[in-house]
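What the coordinates show
The residues making up each chain are set out below.
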Amino acid sequence: MSDPVSQIAQPPQIPQAEVTPAPVASEPTQPLGRIRSIWRFWTREIFTGSEDRLFLFLAILIGVFSGLAVVCFRVAIEWTQFAVLGSTLAPTVPRVFLAPAIAGLGIAFLVMKIFPQSRGSGVNQTKAAVYVLNGYISFKTVIGKFIVCALAIGSGQSLGPEDPSLQIGAGIASAIGRSLKLSQKKIRLIAPVGAAAGLAAAFNAPISAVVFVIEEVIGTWSAGVLGAIVLAAVSSVVTMRYFLGPESLFRVPPIQIAHPAEFIAYAVLGLAGGAISLIFLKWIAYARPRIQKLPRWSKYVQPAAAGLLIGLIGIRLPQVMGAGYSVIDEALHGQFAWHLLLLLAVVKLLTTGISFLSGTPGGMFAPALFIGAMLGGSVGAMEHHFFPRLTVTIGTFALVGMGTFFAGFLRVPITSIFMVIELSGNYSAALPVMVSSLIAYFISHRFQAVPLFDMLTRQDGLILPSIEERREQVSLVVEDAMQPETAIVAAPSDTLVVLAARLGENAQGPILLRARVGEWRLLDPAEVRGLASDPLNTHTAGGIPSKGPLPMIFPDEALEEVLRWAGDWPVLPVVNRGDLGKLEGVLALADILHAFRKAAAE
Amino acid sequence: MAADSIGGITDEHPGEHVDEHDAHADFLRKPVSSNRPRELVLIICFILLVLLFSVTAVVSRLYHRKIHTLADQWYAQGDAAFHAGDAKTAIIDYRNALGYSPNNSVFQLHLAQALVSAARFEEARSYLVNLLAESPGSGEINLELARISSRQRAWLDAVRYYHSAIYGVWDADPLVQRWNVRKELCQFLLDRGDAAGAQPEVLALAQEVPSGKRQKEAAALLLRTGLWTRALQDFQAILKQSRGDQDALVGAAIASYQLNKYAQALDYFERLHRSAALDQNAEGMLQTSRQVEMADPFRRGLSAAERATRAAAALAQATSRVSDCSRQHGEAISQTPPVTDLQMLYATAQGMSKDWTEANLARHPDRIDAALSLAFQMEDAAAQQCGEPQNGTDRILWLLDRSRQGAAQ
């Protein structure tokens, strides 16, 4: 307790009366004093404990803030839509034609002059903030994203609110983290926490949001940050539901699988989803750099031009304007014929590409879901046409199609599976979506090496770690590097003469002493040989000096983890997890390096 | 360290080897007083949170109010269009309403009904199936699905949905609603020509009549199902309440006719207003009943001479019918000895012809029954050999026989 660190860290150092307020009835200032005591207690608990505790507390705070912001964002989008396009699902021709174009001019001005950081969908910007800017996202970006995206989506640009919500959440988290002067490490960690909160509230699907942030933004299932992300996502969804209700974005029809042969139909959907997502990716990959090279002045008119095109299309097909949740809902309920579904899928792909390439800020989630739902519905309807005995409803195909296109386009297969399960609330949906999503994912992956968000950041000149590449890296384990037969194992009762005989004359290999179960030590071969040569010597292996205890390692441990000890000891014993006295092999630093070199060469 | 890293990146910048333990220790080393700014920030955060919460509450309340208003407006417009028979506009309006209140089951149901009206059955079905998943016991949803199934000729589904509707939950006036659904089911089955399937439903319907008004509808369905006795009872019950009920009189007349109670049928027909328009079928029944009554030798109040005349005419007609029928089969009617039924009956008639002349029968009314019995036997035998007589006096005589048999039973 003489350590000053320990002294400050110990809450009992605080006088007990302050920690646990003892109410005294006669005290006139009792209520105030009590509140003050509680405040002091909690602030000490939060601030003087480890930063992790504060971090978890902040996760909830960020979740609530993000939830509130997303509620306001969604309301802002709706109100913009009322004001610009009117309250009907089929607005009048002048509104459809003019609103996106006029709004586009405003969007361009705001993006070019006031909120330049609000460009893009928000996902790769958040990722860039985490990896390049140490988690820094300016609050101006949050405000800009809010205003510009509300105007864009509300005026009918074919974009969605989820990705901007993600960035809004990340921006709020970053601002809170900076205000509280958190360490750099925590500020970098806090942005994904806010991102998960924002996405969860926008999507009304906390699990999918958590999985997406881990899959796309963070890239590792880190236990330290996972708890905070989950807390933030849940608290933001709870906040959002408090104000906007628990209903999901679309009503999902009941799903059931009647026959295993239906999976063939889902596989066909996977092929179609993979092909369409690949076309979309290739188009963006081709067109974006070319559009970015256009003169600067053109950026002032690009959103308006995109709006004009979308307005023209919207006169005939108003369904493709905006996020399109209600249209997805209708598709899920089999409200469209297959040819209309297919047309909507193709046209939405076109309008989303136009909106996105024009530099209009907005998300790709909702359009991806829209295209997937329409594509799934049309494939399902066509399959019904050719195979009338197929019992799967078109709505089920639309739902699975959403996950399929999502997996193929955004290359987040795990998120897509969780998303479909979460939206449908039915685990029966998992298997079909797994089949079709993985097919779409592999097609997209085979023909487009870089996923969308990584491609966008690379086009912007940033090389961020690719989660997909990392996922494919082979992680080496001890088993891949260990040498099974190079060590001599001695028992404490072994005489040195016997040991020297086993060692041989020229052998320089290590001698591992199994001191007792779970404790391994190292004997010096030269010393053993020297002592054994003395004819009067009666020592045993346990009776001479040894080094250790050695850290025990197991065959399934990651090689990176073992590196920390490898330099300190000439060899490390690799033991069986079930029998700590049983040596499986030995591992030296050279073995580890050799294994890494070999893997790299392969 | 690994737990707090993102994708392998930690806060250890090149040349800045910050051990996590050291960082943690640094953090802990901050004196309590250094928490003051954080406390202040936290207080500001809470104030901002309260402010944002309040703003969001106001904004969301305004938003919800607006949404509800819009939903109600579109719904009202849709209802107006639907009741005006403009299903197409109603569908658009209902869809707009649903856009603002997607989970509103009333909107969905009305939209489905409008879609059914516009013959867009598949679209309607998907809404209804979704609604049914939420409330499988709903009578209204099951009824709509039954209607769609019946229009799409999915007979088994239709019957299943009708039954689910009958035993389903109805918010208002469940007895009447269930009765109406069962009535619709009966009509559906009868329209399909499935009278056998309809009979138990119609009987159940007649059993559970919720009000006097409905009794007539039940009786009409009993009539359509061919449950004549029960139909006659019901119509008679109605006529006890309201003697001059024209529909009940027609129904009772038809039921009586079908039960071969021609005198009773004629009585009901004659109680109808002169202006009452009968359909072709009923008109035929009326005429036949009149003819049967005109030919019936057992009619009350006839004089002995008239009875004898009618009996002699019946005998002559039956003899002629037997003769014609035999000829149709290529048999000689007066073969000796007689072999077939027709020949034997004809021989009997010939043998008795002197005794059963009109004059003899008038003198000996006790012979009329025997003479008529032979006439009916001949008509029966001829009907078995040559088919039921479809018209003319033979048919009247044959109907008279059925009537007598019915009365005897």
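Residues numbered from 1 in each chain as written. Chains lettered and ligands numbered in written order. Predicted model: local features only at pLDDT ≥ 70, side-chain atom pairs only at ≥ 80, totals over all residues. Heavy atoms only, no water.

**A look at the side chain of Asp93(B)**
Residue and element names in this part refer to chain B.
- Mapped onto the elements of the fold, Asp93 is located in helix H3 (residues 87-100).
- Of the buried charged residues, Asp93 lacks a salt bridge, with Arg95 as the closest side chain of opposite charge at 11 Å.
- Not counting residues within four places of it along the chain, the set of residues in contact with Asp93 comprises Trp74, Gln77, Gly78 and Ala81. (Helix = DSSP H or I, 4+ residues; strand = E, 2+ residues; numbered from the N terminus. Buried < 20%, exposed > 50% of the residue type's maximum accessible area, 1.4 Å probe, protein only. Lys, Arg positive; Asp, Glu negative; His and termini not counted. Salt bridge = Lys/Arg side-chain N within 4 Å of Asp/Glu carboxyl O. Contact = heavy atoms within 4.5 Å.)

**What to know about the environment of Glu468(A)**
Residues and elements named next belong to chain A.
- Relative to the helices and strands, Glu468 resides in helix H21 (residues 467-472).
- Using a relative accessible area of 5% as the deciding quantity, one classes Glu468 as buried.
- For the pair Glu468 and Val450, spaced 18 residues apart in sequence, the C-alpha to C-alpha distance is 8.4 Å.
- In this structure Glu468 touches Arg411, Tyr441, His445, Ala449 and Pro451, once residues within four positions along its chain are discounted.

**Brief notes about the state of the cysteines**
- Scanning the model with the defined rule gives one disulfide over all chains in all.
- Sulfur-sulfur distance for the disulfide between Cys325(B) and Cys386(B) comes to 1.8 Å. Looking down the S-S bond of the Cys325(B) and Cys386(B) bridge, the torsion is 90°, so its handedness is right-handed. Here Cys325(B) is found in helix H15 (residues 304-328), whereas its partner Cys386(B) is found in helix H18 (residues 368-386), with 61 residues between them in sequence.
- The exposure class assigned to Cys386(B) is partly exposed, which follows from its relative accessible area of 24%.
- We note that Cys45(B) lacks a disulfide partner, and the nearest cysteine sulfur, in Cys72(A), lies 16 Å from it. (Disulfide = S-S within 2.5 Å.)

**Quick word on the sheet that holds strand S1 (residues 488-490) of chain A**
Residue and element names in this part refer to chain A.
- Spatially, three strands are ordered S1-S2-S3 in an open sheet, and the strand pairing comes out mixed. Two strands in the sheet have a free side with no partner beyond their single neighbour: S1 and strand S3 (519-523). Strand after strand, the sheet turns through a mean of 35° between neighbouring axes, direction not considered.
- With three bridges joining them, S1 and strand S2 (residues 511-516) adopt parallel strand pairing. Of the residues in S2, the one forming a bridge with Ala490 is Leu513. (Pairing = 2+ DSSP bridges. Axes fitted to C-alpha atoms, helices over the stretch in contact; angles between N-to-C directions.)

**Let's talk about the domain arrangement of chain B**
Residue and element names in this part refer to chain B.
- Segmentation of chain B into domains returns domain 1 (242-295) and domain 2 (304-408).
- A separation of 28 Å is found between the C-alpha centroids of domain 1 and domain 2.
- Every contact between the two is made by nine residues of domain 1 and, on the other side, six residues of domain 2.
- Across the domain 1 to domain 2 interface the summed buried area is about 740 Å²; carbon plus sulfur atoms make up 60%.
- By the criterion of area lost to domain 2, the three top residues of domain 1 are Asn260, Val292 and Ala295, representing 53% of everything that side buries.
- For the pair domain 1 and domain 2, the interface holds one residue pair in polar contact (both at pLDDT 80 or more).
- Grouping the amino acids of the side of domain 1 that touches domain 2 by side-chain chemistry returns five nonpolar, three polar and one charged. (Domains from an automatic or database assignment. Buried area = accessible area lost by both parts, 1.4 Å probe. Polar contact = N/O pair within 3.5 Å; in protein donor to acceptor, adjacent residues only side chain to side chain. Nonpolar A, V, L, I, M, F, W, Y, C, P; charged D, E, K, R; others polar.)

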